[in-house]
Each structure stands twice: as C-alpha cells, then as structure tokens.
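Topology and contacts: notes
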Amino acid sequence: ITRFASPLYLAWIRTRPCVICCAPGNSDNPIVAHHIKGLGYFSGVAIKAGDHMAMSLCAKCHSAWHQSPEYELQWEWLARTASAALVEIAEKRLLL
C-alpha cells in the first residue's frame, strides 16, 4: 500500500481548531496533525497512516490522547476534519 502524503493538506489541518477542545492554535499550544492510530492497516509499529487520515489536535490534547488513547473517538474527529475539508474544497478555499 502506498502511503498518501500531502504537505498542503497537513498545513491546512494546522490552521484548524482542535477537534477535541475546539481551541485555536497559538504559540504556547500549537495545532498538530494527529494521524489515526490503532485501527487496522491504518497504523501500527513503524507504520504511519496516510495524511488523509489526519486531524487537528492542539498540542495539549494530542499529548493527553497519547497518554490515554480513545481509539474509537478518532473516527468522529476524522469525519469532522474531512467534512470541513470538503466544504473548503467546494468553496475553492482549499486547493490540494
């Protein structure tokens, strides 16, 4: 399987608010692109999910998630991220 990589999409994700706490990123708590974890072929030991499986988390929520992962919630967060991306693509604000 070829991993999908898109620096433009990841840059866009970093402009989004955190999908957990809705906080915007700032210098003290930047937004990071969290790639889905623990779900079948999307991730594993030394395997990183494709960029299409990334979502925006603030650094604090990202760290907390990795301390106590809730794998099932990632699907909701991914759906919110993909939905926002589709709206921006349709409105020609996000060009990949």
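Residues numbered from 1 in each chain as written. Predicted model: local features only at pLDDT ≥ 70, side-chain atom pairs only at ≥ 80, totals over all residues. Heavy atoms only, no water.

With that settled, the discussion passes to helix α3 (residues 73-90). Taking 1.5 Å per residue, 18 residues should reach 26 Å; α3 reaches 26 Å between its end C-alpha atoms and fits that length. Considered for burial, the residues of α3 that qualify are Gln-74, Trp-77, Leu-78, Thr-81, Ala-84, Ala-85 and Glu-88. Each buried residue of α3 sits inside an arc of 130 degrees when the element is viewed along its axis, so together they form one side. Counted as exposed and oriented over 90 degrees from the buried face of α3: Leu-86 and Ala-90. In this structure, the buried side of α3 is in contact with α1 (7-13), β1 (31-35), β2 (54-58) and α2 (59-67). Downstream of α3 by a residue or two, Lys-92 has a phi angle that is positive, lying close to 60 degrees. (Helix = DSSP H or I, 4+ residues; strand = E, 2+ residues; numbered from the N terminus. Expected span 1.5 Å × (residues − 1). Buried < 20%, exposed > 50% of the residue type's maximum accessible area, 1.4 Å probe, protein only. Arc of directions from axis to C-beta. Contact = heavy atoms within 4.5 Å.)

Cys-18, Ile-36, Met-55 and Leu-57 are the most contacted members of the largest nonpolar core, which totals 13 residues. Listed by contribution, the elements that provide at least two residues to this core are β2, α2 and α3. The greatest single-element share of this core, amounting to three residues, is contributed by β2. In this structure, Cys-18 is in contact with Ala-23, Ile-31, Ser-56, Leu-57, Cys-58 and Cys-61, ignoring residues within four places of it in sequence. Grouped together as the second largest cluster of nonpolar side chains are nine residues, Tyr-9, Leu-10, Ala-33 and Ala-84 included. (Core = buried A, V, L, I, M, F, W, Y, C linked by side-chain atoms within 4.5 Å.)

This brings us to the pairing of β1. With four of five residues buried, β1 is to be regarded as a mostly interior element. Sheet analysis places β1 next to β2, joined by five bridges and oriented antiparallel. From the neighbouring strand, Val-32 faces β2, where its bridge partner is Leu-57. (Pairing = 2+ DSSP bridges.)

Here the structure, examined in full by the defined rule, presents three salt bridges. Notably, a salt bridge pairs Arg-16 with Glu-88, separated by 3.3 Å at the nearest N-O pair. You can see Arg-16 sitting in the loop between α1 and β1 and its partner Glu-88 sitting in helix α3, a full 72 residues away along the chain. Its relative accessible area of 24% is what places Arg-16 among the partly exposed residues. Among the ionic pairs, Glu-76 bridges to Arg-80, the shortest N-O distance being 2.5 Å. With Glu-76 and Arg-80 both in helix α3, this residue pair falls four residues apart, about one helical turn. (Salt bridge = Lys/Arg side-chain N within 4 Å of Asp/Glu carboxyl O.)

The analysis is restricted to geometry; functional conclusions fall outside its scope.
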